[in-house]
Structures are given as structure tokens and as C-alpha cells.
Amino acid sequence: PILDIAGNHDMWGVMSPLSETNLYLDYSYTFNRTNTLTDEDFYCRKVVKVNITFVLINNYKFPTVHPPYIYWAHPSREMLDRYESVIENAGNCTVVMHYPTDHNWWIRSSKGHTFEEIMQSKNIEHIFSGHFHPKNPIILHHKQGGVEYVGMGAYQFKGFALVTIDND
């Protein structure tokens, strides 16, 4: 199965998650105009594939501007509330998102949690992110939460990273 998530270069000049200018919805394997009917469907979605629960997060503020100007993620309080709710109800899960955990603006959810604090949930076993384009994967530990793997820039370094989980 293929699960994909939008990157900041995919979100250039998009008016809103469901707008016609969001071409990501026309070409994604995971998000499309049939299964993405609300803004919330775009911002956060739980997907189960091969008995693994994934929580997919798109944390973009709309309308979006040129990619260098969305170097940081700017989730709103409502978006954080959605992430927190989905993760709390997902059971053990793997989070997939473009921006690394520490690259989100410092707003708080209605429960008073920052994005980083939400990503420290005991439900999260693994986090896969990107955005930094490192030459080698970066591995980060999040307190009682999971381990984050920041993937390498495959097109720049002509390679890819493989993560295996061997403890069940």
C-alpha cells in the first residue's frame, strides 16, 4: 500500500484544502476529491493498512504562499484539536507528516498542548516526517511518545531510507 502526504512545495498558491487549486487532491494516492470532503479530512486522517494504524497530518495554513514562506508549519488551534482527538482515539499508531515535530508554530490546543506535546502521546509509536532533506535519516526520541524518523532528500541524494520495526 502507498500512503503519501503533501509537502510544502505541493501546497504553493492553494486557496483552501478543498479548492480547485489544491492539485494534490488530483494526484495523491491517499487524498482525493472523493474521500476528502471537509477541511478536517485533509488536515488529519486515520488510515489502517496491513494492520497498522496511521494518522496522516497535513498542517498547512490556507491560503498558502510560495514554498520558502511556508518553511514552518502554522497549525491553528482547531487543527491541533483535531490532531489531538484523532491520536487520542487511534490506539497505537504511526504518524506521517511532512514537517518534523519541532517545526510547528507554538500555538496551543484547547486542552493547552503544543504540537510537540501532542506528538509525545503514548499512543504514538513512530513518526515519519521529512521537509529537512537531510543526507541521512535523523532519528529523534519523544519522551514517552514514539521515535521520529526524518527521511532523507531522496531526489537530492539518489537514495532512500528504510525503517524496519522488529519488536512486533
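Preceding block: the structure.
Description of the structure in this document. (Residues numbered from 1 in each chain as written. Predicted model: local features only at pLDDT ≥ 70, side-chain atom pairs only at ≥ 80, totals over all residues. Heavy atoms only, no water.)

## A word on the pattern of salt bridges
Working step 1: Within the structure shown, the criterion is met by three salt bridges.
Working step 2: The shortest N-O distance in the salt bridge between Glu88 and Lys111 comes to 2.9 Å. Here Glu88, found in helix H3 (residues 77-88), pairs with Lys111, found in the loop between strand S3 (93-97) and helix H4 (115-118); they are 23 residues apart in sequence, far enough to count as distant.
Working step 3: Since its relative accessible area comes to 53%, Lys111 is described here as exposed.
Working step 4: As a salt-bridge pair, Glu117 and Arg108 come within 3.3 Å of each other at their nearest N and O atoms.
Working step 5: By relative accessible area, Glu117 is classed as partly exposed at 35%.
Working step 6: Overall, Arg108 belongs to the partly exposed group, its relative accessible area being 39%. (Salt bridge = Lys/Arg side-chain N within 4 Å of Asp/Glu carboxyl O. Helix = DSSP H or I, 4+ residues; strand = E, 2+ residues; numbered from the N terminus. Buried < 20%, exposed > 50% of the residue type's maximum accessible area, 1.4 Å probe, protein only.)

## Brief notes about the sheet that holds strand S5 (residues 138-141)
Working step 1: Strand order in the open sheet formed by six strands is S1-S2-S3-S4-S6-S5, and the pairing between neighbours is mixed. Since the sheet does not close on itself, it has two edges, and those belong to strand S1 (44-49) and S5, each with one partner. Pairs of neighbouring strands in the sheet enclose a mean axial angle of 20 degrees, with direction left out of account.
Working step 2: The pairing of strand S4 (residues 124-129) with strand S6 (residues 147-150) spans four bridges and is parallel. (Pairing = 2+ DSSP bridges. Axes fitted to C-alpha atoms, helices over the stretch in contact; angles between N-to-C directions.)

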